[in-house]
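Listed here are the chains, written in short residue letters.
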Amino acid sequence: MRPDADRTRRLARRALLILAVGGVILAAALVSVYLALPDRLQATAPASRLAEPGSVPIGGPFALVDHRGRTVTEKSFGGRYLLVFFGFTNCPDVCPTTLGDIARALDLLGSEANAVQPLFVSLDPERDRPKRLAEYVKAFHPRIVGLTGTPRQITAVAKAYRVFYEKVSAKSYYGRKSAASKEPKPVGDDYLISHQGNTYLMSPKGEYLAHFSYGTKAPEIARVIREAIAKYGNPARREE
Ligand code: NI
C-alpha cells in the first residue's frame, strides 16, 4: 500500500511541476509576442501625420502673381493639393535644399505628382519679380510654380501660413542673430531674409493637412502626399 501511495504522490508532483514550467514558458511566449507587436505594426504602418481637415488654422485665401506674371489665387490650381513653401531666390541654404527635396518627392510620386501643385512663395517681393522667379524654379522642377506679389500681398499670405520672416544683414543671417539684436538694419540691396522653413501640405479644399519641417527627406514627403491622396482622393484624376 505504502510504496504505491508514495509513487502516486511523486507522479502527481511531477505532473504539477511540468504544468507549472509549461505555464511559465507559455506566459513568457505571450509576453514576448505582445512586446514585439507594436514594433511590427509600426514597421508596416507608420503613424499618420495628417491633421483632421479644418482642425489647424493655417492657410487661407490669397491673391498673388505667378512666375508668368498672371494673377492667381488658391483656386487657380485645378483643385489640387497645394505644397506651399516660402523663401527667396537669393537664399543660400534652406530654399535650395527644400526645393530639391520637393523636386525629388515629385519624381518619387510618378503619375500621382499631378495631384499636387508645389508653390514657392517669395518673401522678397522687391527683388523676386516674375522673370527672376521663373528662372529660379525651373532649375529645380518644371512643376514648381513661383509666386510673388506686392509687399502687402506677401505679408498677408505669410501671416495666413504663420510664416515668420525678416530682412537681415548678411552678418546677422550667418550669425543666426535676430534683427532684434544690436546688428544694424540692412541697407539697400544688401540683405538676406531670415525665414521659417516649413513646407505645408494643403487639401484640395485649402485646409491644412500636414507640414514638413526643414530637412524632411523626399521619401517622407512623398509618403505623406500618397497617404493624403488615398484618404481624400486625387483631384487630377477626376479632371482627366
Ligand atoms: Ni530660404
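Scroll up to find the structure.
Presented here is an overview of the structure given in this document.

What counts and how
- Residues numbered from 1 in each chain as written.
- Predicted model: local features only at pLDDT ≥ 70, side-chain atom pairs only at ≥ 80, totals over all residues.
- Heavy atoms only, no water.
- Helix = DSSP H or I, 4+ residues; strand = E, 2+ residues; numbered from the N terminus.
- Buried < 20%, exposed > 50% of the residue type's maximum accessible area, 1.4 Å probe, protein only.
- Contact = heavy atoms within 4.5 Å.
- Donors = N, O, S within 2.8 Å, 3.2 Å for Na, K, Ca; no water.
- Phe/Tyr/Trp six-rings, centres within 6.5 Å; stacked < 30°, edge-to-face > 60°.
- Lys NZ or Arg CZ within 6 Å of the ring centre and 35° of its normal.
- Patch = residues over 30% accessible without salt bridge, like charges linked within 9 Å, V, L, I, M, F, W, Y side chains within 5 Å.
- Areas by Shrake-Rupley, 256 points an atom, 1.4 Å probe, with all protein chains shown as cover.
- Salt bridge = Lys/Arg side-chain N within 4 Å of Asp/Glu carboxyl O.
- 1 Å grid on protein atoms, 1.4 Å probe; cavity = no way out; pocket = protein on both sides within 12 Å on 5 of 7 lines; lining within 4 Å.
- Points joined across faces, edges and corners; volume = space filled by probe spheres on them.
- Nonpolar A, V, L, I, M, F, W, Y, C, P; charged D, E, K, R; others polar.
- Pairing = 2+ DSSP bridges.
- Axes fitted to C-alpha atoms, helices over the stretch in contact; angles between N-to-C directions.
- Arc of directions from axis to C-beta.

Thoughts on the overall build of the protein
Then step 1. The helix and strand tally for the protein stands at 7 helices and 9 strands.
Then step 2. The buried share of the protein, reckoned over its 240 residues, is 40%.
Then step 3. The long-range fraction of contacts in the protein, counting pairs at least 24 apart against all pairs at least 6 apart in sequence, stands at 74%.

Here we look at the coordination of the nickel ion
Then step 1. Binding of the nickel ion to the protein goes through C91 (SG), C95 (SG) and H195 (NE2), at separations of 2.0 to 2.2 Å.
Then step 2. Within one chain, the residues serving as donors to the nickel ion are arranged as C-x3-C-x99-H. The residues C91 and C95 share a single accessibility class, namely buried.

Topic: unusual backbone geometry
Then step 1. The backbone of R162 sits at a positive phi, close to 55 degrees, despite the residue not being glycine.
Then step 2. Examined against the element boundaries, R162 turns out to sit in the loop between α4 (151-160) and β6 (165-168).

Some points on the packing of aromatic side chains
Then step 1. What the rule picks out here adds up to 7 aromatic pairs.
Then step 2. Ring centres of F86 and Y161 lie 5.4 Å apart, and the angle between their planes is 55 degrees; on these two criteria the pair is classed as tilted. Taken together, the positions of F86 in strand β3 (residues 81-87) and Y161 in the loop between α4 and β6 put the pair 75 residues apart, joining distant regions of the chain. Judged on exposure class, the residue F86 and its partner Y161 are both buried.
Then step 3. Ring centres of Y136 and F140 lie 5.2 Å apart, and the angle between their planes is 65 degrees; this geometry places the pair in the edge-to-face category.
Then step 4. Put simply, the rings of F85, F120, Y136 and F140 pair up and form one aromatic cluster.
Then step 5. Positioned over the ring face of Y191 is R127, at 3.6 Å from the centre of the ring.

Things to note about a nonpolar patch on the surface
Then step 1. Taken together, the side chains of L17, V21 and I25 define a hydrophobic patch exposed on the protein surface, amounting to about 300 Å² of accessible area.
Then step 2. Along the chain, V21 turns up in helix α1 (residues 2-44).

Quick look at empty space enclosed by the protein
Then step 1. One pass over the full model with this rule turns up 2 cavities of 30 Å³ or more.
Then step 2. Of the volumes computed, that of the largest cavity is approximately 50 Å³.
Then step 3. What lines the largest cavity is T98, D101, I102, G197, T199, F212, S213, Y214, G215, T216 and I221.
Then step 4. Broken down by element, the lining of the largest cavity gets its largest block of residues, 3 residues, from helix α2 (residues 94-109).
Then step 5. Considering only residue class, the lining of the largest cavity consists of 4 nonpolar, 6 polar and 1 charged.

Focus on the sheet that holds strand β8 (residues 199-202)
Then step 1. Strands sit in the order β2-β1-β5-β4-β3-β8-β9 across an open sheet of 7 strands; the sheet is mixed. Only two strands of the sheet have a single neighbouring strand rather than two, namely β2 (71-73) and β9 (208-212). Each neighbouring strand pair of the sheet contributes to a mean axis angle of 35 degrees, computed without reference to strand direction.
Then step 2. Here β3 runs beside β8; their pairing, made up of 4 bridges, is antiparallel.

Comments concerning helix α3 (residues 130-138)
Then step 1. Those residues of α3 that sit buried are P130, L133, Y136 and V137. Along the axis of α3, the buried positions cluster into a sector of 125 degrees, meaning they face one direction only. In α3, the exposed residues that point more than 90 degrees away from the buried face are K131 and K138.
Then step 2. Elements that come into contact with the buried residues of α3 comprise β1 (63-66), α2, β4 (116-122) and β5 (145-148).

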